[in-house]
Amino acid sequence: MPAMTDSTLHPADAKVLAAHDNAELIDLILPDMNGLLRGKRITRDALEKVFQNGVCLPMSLIGTDVTGNTVEETGLGYDIGDEDRICRPIPGTLRPIPWQQRPMLQCLLSMEGFHGGMFSANPREVLKNVVQKFTDRGLTPVVAVELEFYLLDKQLTPDGRPQTSINPSTGERNKTTQVYYMGDLNDYQGFTDAVADACTAQNIPADTAVAEYAPGQFEINLKHRDDAVAACDDATLLKRAIKSIAEQQNLLASFMAKPFVDQAGSGTHIHVSLLDKNGKNIFASTQDNPAAELKHAIAGLQSVSKDCMLMFAPHANSYRRFVLNAFVPLNDCWGFNNRTVAMRIPHSDEKNVRIEHRIAGADANPYLVTAAVLAGILHGLDAKGDPGPAIKGNAYEQTEQRQLFWRDTINDFMASSFIKDMFGAEFQHVFGQQKLKEMRSFYTEVTTLEYDWYLRSV
């Protein structure tokens, strides 16, 4: 194999490449609007050229729908001849892929736009642009991402439905809910150990795994970072690791928001605090005397939640998750150490006060969820609104429960001046049209329930 110089590589990437001199293949990964990973697989000897000149991928990939089809309404398909754009490796993201039998590496990509610079509708760029608004004000968001998911049987039922996995310790199918049960972690230790090893190899800062509130449901938490974009890179790569390792172990890891109607849904929770120029958390305060900036930030999140809901709940199934008494917010209220509210202030010492945003489903794109949360906080700091009193006790009983519908959130998103001003008209158009096309396609299907209800009775 020809020798390769590291003249164009970021030092961290050069170090990874040198440490894995037996890796012959590299996956170049471009996360799309839905968070699905698209891209190319290249040989090692082509990597230097990619770092020098980039690699071409169709611009339409960013707005591809969840079924893998080009959404022509975005204007990124036939209208521009389905043209390629240069995609460039993101420095510092070259990592090994430990679950592959053949030694391989992976690297994240970002796509260039029409007029130079990076494509503004790319979800990672959307988040970068929001973070820059904080930087311009001398503020640094500190972000951590929590991801819930199900470990399911890889074999579906005869009618194509998911089923809980066979417990590797007992040999029986999971049926019971044992929230935070250590026995479940022990039973699935082969899986969690493999994920932990992958995180170590890929420098993903995961620190906690728990059994969640349904049979076969788990949560893996990432450590907080003072780089919100890197925090979402971690979440994206962690999702890939979880799904790939599950596949390897004859399991199906699903981040679907609500795979079972009678079990808990899966969420993406975003934890945020804000540091000023001196490294002080501007949310630092006590429950008895919450900081003004904390209350303003929560009020901002409340005021834009309707506009941003499509970023939190992007799919048809997302709306199945919003049901009563399932630890899912059905409101935009807030409270301290309270899991029935949308904006929770977790228990902590006063220096480490943070907001836990609990609305998004696990099926949402981490970059877009975090961008929406940070944008709401920024809006709140500017508007200096009042979020109302913190809820104590059961928020389901004390607040009006709202019903959410996919069509309404698409309309709200596409009509929102806040979305246009904060994230740009290009992103609003591409994401809105993508979701509108998916919704229309979804409702062309005749469901099993319709046959059950109507075939004989009407």
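Scroll up for the structure.
Heads up: these notes are all about the structure in this document. Sequence order as written defines the numbering, with residues in each chain counted from 1. Per-residue local features are limited, in this predicted model, to residues with pLDDT of at least 70; the limit for side-chain atom pairs, both in listing and counting, is 80 or more; totals at the level of whole chains, interfaces and linings are taken over all residues. Values reported for side chains reflect all heavy atoms of the structure, with hydrogen atoms and water molecules removed beforehand.

1. Notes on the side chain of His357
Consideration 1: Counting from the N terminus, the helices are the DSSP runs of H or I reaching at least four residues and the strands are the DSSP runs of E reaching at least two. Mapped onto the fold, His357 is located in strand E14 (residues 355-357).
Consideration 2: According to the relative accessible area criterion, His357 is buried, its value standing at 2%. The classification of residues rests on relative accessible area computed with a 1.4 Å probe and restricted to protein chains. Under 20% of the type maximum is buried, over 50% is exposed, and intermediate values are partly exposed.

2. Regarding empty space enclosed by the protein
Consideration 1: Each cavity reported here is a set of points on a 1 Å grid over the protein atoms alone in which a 1.4 Å probe fits but cannot get out, each pocket an open set with protein on both sides within 12 Å along at least five of seven lines, and each lining residue one with an atom within 4 Å of a point. Grid points are joined across faces, edges and corners, and a volume is the space filled by probe spheres set on the points. Evaluation of the coordinates by the stated rule reveals one cavity of 30 Å³ or more.
Consideration 2: The volume enclosed by the largest cavity comes to roughly 40 Å³.
Consideration 3: If you go around the largest cavity, the residues you meet are Met33, Asn34, Met311, Pro314, His315, Asp363, Asn365, Leu368 and Phe431.
Consideration 4: Under the convention adopted here, Pro, Cys and the residues Ala, Val, Leu, Ile, Met, Phe, Trp and Tyr are nonpolar, Asp, Glu, Lys and Arg are charged, and Gly plus all remaining residues are polar. Its residues assigned to classes, the lining of the largest cavity comprises five nonpolar, three polar and one charged.

3. Comments concerning a nonpolar patch on the surface
Consideration 1: There is a patch of nonpolar side chains on the surface, built from Leu449, Trp453, Tyr454 and Val458 and spanning about 480 Å² of accessible area.
Consideration 2: Residue placement: Tyr454 occurs in helix H13 (residues 448-454). Patch membership is restricted to residues that have no salt bridge and whose relative accessible area is over 30%. Joining uses 9 Å for like charges and 5 Å for the nonpolar side chains Val, Leu, Ile, Met, Phe, Trp and Tyr. To measure how exposed things are, a 1.4 Å probe is used in the Shrake-Rupley method; for residues, cover is taken only from the protein chains shown. Within this document, salt bridges are pairs made up of a side-chain nitrogen of Lys or Arg and a carboxyl oxygen of Asp or Glu, the two lying within 4 Å of each other.

4. Focus: helix H8 (residues 366-383)
Consideration 1: Given the number of residues in a helix, its expected span is that number minus one, multiplied by 1.5 Å. If you check H8, its first and last C-alpha atoms are 26 Å apart, about what 18 residues at 1.5 Å a residue would give, namely 26 Å.
Consideration 2: Identification of polar contacts relies on pairs of N or O atoms within 3.5 Å, with a donor-acceptor requirement for protein atoms, meaning one able to donate a hydrogen and the other able to accept it, and with residues adjacent in sequence counted only if both atoms are side-chain atoms. For H8, the side-chain oxygen to backbone nitrogen distance between the N-cap and Tyr367 is 3.0 Å, and the N-cap itself is Asn365.

5. A word on the packing of aromatic side chains
Consideration 1: When the centres of two rings from Phe, Tyr and Trp lie within 6.5 Å, Trp using its six-membered ring, the rings pair. Their planes under 30 degrees apart give stacked, over 60 give edge-to-face, and anything left gives tilted. Summed over all chains, the structure comprises 15 aromatic pairs.
Consideration 2: Taking the centre distance of 5.9 Å and the plane angle of 70° together, the rings of Phe423 and Phe427 count as edge-to-face.
Consideration 3: On the accessibility criterion, Phe423 (6% relative accessible area) is buried.
Consideration 4: Pairing Phe427 with Phe431 gives two aromatic rings, centres 5.5 Å apart and planes at 10°, and the pair type is stacked. Residue Phe427 and its partner Phe431 are both found in helix H12 (residues 425-442); the two are separated by four residues, about one turn of the helix.
Consideration 5: The buried category is assigned to Phe427, whose relative accessible area is 0%.
Consideration 6: Taking the relative accessible area as the measure of exposure, Phe431 reaches 1% and is therefore buried.

6. So, the packing of helix H6 (residues 228-248) against H8
Consideration 1: Here, axes are lines fitted to C-alpha atoms. For helices the fit covers the stretch in contact, and angles between N-to-C directions go from 0 to 180 degrees. At a minimum axis separation of 9 Å, H6 and H8 run at an interaxial angle of 150°. Regarding H6 and H8, the two cross each other, and that crossing is right-handed. Within the contact between the two elements, H6 uses Ala228, Val229, Cys232, Asp233, Ala235 and Thr236 and H8 uses Pro366, Tyr367, Thr370 and Leu374.
Consideration 2: A class-by-class count of the residues in the contact of H6 with H8 yields seven nonpolar, two polar and one charged. Crossing handedness: left-handed means the near helix sits turned counterclockwise from the far one by under a right angle, and right-handed means the same turn made clockwise. Every residue pair with non-hydrogen atoms within 4.5 Å of one another is taken to be in contact.

7. A look at the pairing of strand E6 (residues 104-111)
Consideration 1: Within E6, eight of the eight residues are buried, which leaves the element mostly enclosed by the surrounding structure.
Consideration 2: Burial along E6 is two-sided: the residues Met104, Gln106, Leu108 and Ser110 and Leu105, Cys107, Leu109 and Met111 are all buried.
Consideration 3: Where strand E1 (residues 25-31) meets E6, five bridges bridge the pair, whose relative direction is parallel. Across the sheet, Asp27 pairs through a bridge with Gln106, a residue of E6.
Consideration 4: Examined bridge by bridge, strand E4 (residues 84-89) and E6 share three bridges and lie antiparallel to one another. Should DSSP find at least two bridges between two strands, the strands are taken to pair.

8. Comments concerning helix H5 (residues 189-201)
Consideration 1: Its 13 residues give H5 an end-to-end C-alpha distance of 18 Å, which sits within 8% of 18 Å, the value for a rise of 1.5 Å per residue.
Consideration 2: Within H5, the full set of buried residues consists of Phe191, Thr192, Val195, Ala198 and Cys199. Along the axis of H5, the buried positions cluster into a sector of 120°, meaning they face one direction only. Among the exposed residues of H5, those oriented more than 90 degrees off its buried face are Asp197 and Thr200.
Consideration 3: Asn203 sits one or two positions beyond H5 and adopts a positive phi of about 60°. The arc under discussion is defined with respect to the helix axis, by the directions toward the C-beta atoms.

9. Notes on the pattern of salt bridges
Consideration 1: Following the criterion strictly, the structure yields 15 salt bridges and no others.
Consideration 2: Salt-bridge contacts for Arg225 lead to Asp234; the nearest nitrogen and oxygen are separated by 2.6 Å.
Consideration 3: A relative accessible area of 1% places Asp234 in the buried class.

10. Digging into the pairing of strand E11 (residues 268-275)
Consideration 1: With seven of its eight residues buried, E11 lies for the most part within the structure.
Consideration 2: As paired elements, strand E7 (residues 140-153) and E11 share eight bridges and run antiparallel to each other. Along E11, the bridge assignment pairs Val142 with Ser273.
Consideration 3: Pairing analysis gives three bridges linking E11 to E14, with the strands arranged antiparallel. Residue pairing across strands places His271 opposite Glu356, the latter belonging to E14.

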